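These are the residues of each chain, in order.
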Amino acid sequence: MTDKELLKIDNISVSYGNIKALRGVSMNVREGEIVALIGANGAGKSTLLKAIVGQEPLVEGSISYDGEMLYEVKDKHYHGVPTYNVVKKGIALVPEGRRVFADLTVEENLDMGAFMLKDDALIKRKKEEMFDFFPILGQRKKQKSRSLSGGEQQMLAVARAMMSSPRLLLLDEPGLGLAPLIVQEIFSKIKLINNEDKVTVFVVEQNARLALKSSNDGYVMENGVIVLHDEAKSLLKNQKVRAAYLGE
């Protein structure tokens, strides 16, 4: 982990019609960190991730990555790079609900994750790395993705994102709808990706305890606003966080 700011979000707002889904959100993710964003359903967490990859335009503020501006609002006009260029720059999103290609095989899903790569030998090597990292995917590589369990589909969604060799991995509710033991396994893999592959991770997760235990830094969002920011270990001890999100 370094002090280098990889992702900087500066006073952004996003609106759906007359409703502001995000209001004046500022945060940063340092290179090498795992950063968690927690909050209730409808707080605006997924909207923030969509804004980072250009799927939701800003109405205020700016987002920069590795010192380069991705999106900004100047003189009330939104300027931003296309979403596919975000992948080129080294950002990958694992969307909420996994969204694997159900009628494609496991291997074909990984090929879709490598659509920006032109080197067949590199693609083959990346797939083998993913099969080593997620052995169950190697065993199922010729199966249609619809036949996988929820946990296996989540592993596939993460592996598909890793095919592009991202520097920043965004995860939207990776534990959603999964059994507790499977959620723990997913988060252990996320920590390995961070430690071994040196990938910076920004994770949105409703399982606040596990997310914060797995992270260096944490933010709490309520009604589209960041209301708390601290080291993750400090947020775990925060009485407001414990009462609202840890069930204590």
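The following paragraphs examine the structure supplied in this document. Predicted model, so just to flag it, every value in this text is computed and none were measured.

### Details of the packing of helix H3 (residues 106-113) against helix H4 (residues 120-133)
Here is step 1 of the chain: With their axes 10 Å apart at the nearest point, H3 and H4 run at an angle of 125 degrees to one another. Considered as vectors, H3 and H4 are oriented oblique to each other. With respect to the hand of their crossing, H3 and H4 are arranged in right-handed fashion. Contact residues: H3 offers Val106, Glu107, Leu110 and Asp111, while H4 offers Ile123, Lys127, Met130 and Phe131.
Here is step 2 of the chain: Taken together, the residues that form the contact of H3 with H4 break down as 5 nonpolar, no polar and 3 charged.

### Let's talk about the nonpolar core
Here is step 1 of the chain: Leu137, Leu169, Leu171 and Leu212 are the most contacted members of the largest nonpolar core, which totals 45 residues.
Here is step 2 of the chain: The leading source of residues in this core is helix H6 (residues 150-162), at 7 residues.
Here is step 3 of the chain: In terms of nonpolar packing, the next biggest core, distinct from the first, is built from 30 residues, Leu7, Leu22, Leu37 and Leu48 among them.

### Examining the pattern of salt bridges
Here is step 1 of the chain: Within the structure shown, the criterion is met by 14 salt bridges.
Here is step 2 of the chain: For Arg140, the salt bridge goes to Glu152, with nearest N and O atoms at 3.2 Å. With Arg140 in the loop between helix H5 (135-139) and H6 and Glu152 in helix H6, this residue pair connects regions lying 12 residues apart in the sequence.
Here is step 3 of the chain: Residue classification places Arg140 among the partly exposed residues on the basis of a relative accessible area of 24%.
Here is step 4 of the chain: When salt bridges that share partners are traced, they join Lys4, Glu31, Asp66 and Arg167 into one network.

### Observations regarding the packing of aromatic side chains
Here is step 1 of the chain: Enumeration according to the criterion identifies 2 aromatic pairs in this entry.
Here is step 2 of the chain: Ring centres of Tyr71 and Tyr78 lie 6.2 Å apart, and the angle between their planes is 10 degrees; on these two criteria the pair is classed as stacked.
Here is step 3 of the chain: On the basis of relative accessibility, which here comes to 0%, the residue Tyr71 falls in the buried class.
Here is step 4 of the chain: With relative accessibility at 30%, the residue Tyr78 sits in the partly exposed group.
Here is step 5 of the chain: Considering the side-chain rings of Phe133 and Phe134, the 4.9 Å spacing of their centres and the 80 degrees angle between planes classify their relative orientation as edge-to-face.
Here is step 6 of the chain: Here Phe133 falls in the buried class, since its relative accessible area comes to 14%.
Here is step 7 of the chain: Residue Phe134 is classed as buried on the basis of its relative accessible area, which comes to 2%.

Cut-offs used in this document
Residues numbered from 1 in each chain as written. Predicted model: local features only at pLDDT ≥ 70, side-chain atom pairs only at ≥ 80, totals over all residues. Heavy atoms only, no water. Axes fitted to C-alpha atoms, helices over the stretch in contact; angles between N-to-C directions. Helix = DSSP H or I, 4+ residues; strand = E, 2+ residues; numbered from the N terminus. Parallel < 35°, antiparallel > 145°, perpendicular 65-115°, else oblique. Left-handed = near helix turned anticlockwise from the far one by under 90°. Contact = heavy atoms within 4.5 Å. Nonpolar A, V, L, I, M, F, W, Y, C, P; charged D, E, K, R; others polar. Core = buried A, V, L, I, M, F, W, Y, C linked by side-chain atoms within 4.5 Å. Buried < 20%, exposed > 50% of the residue type's maximum accessible area, 1.4 Å probe, protein only. Salt bridge = Lys/Arg side-chain N within 4 Å of Asp/Glu carboxyl O. Phe/Tyr/Trp six-rings, centres within 6.5 Å; stacked < 30°, edge-to-face > 60°.

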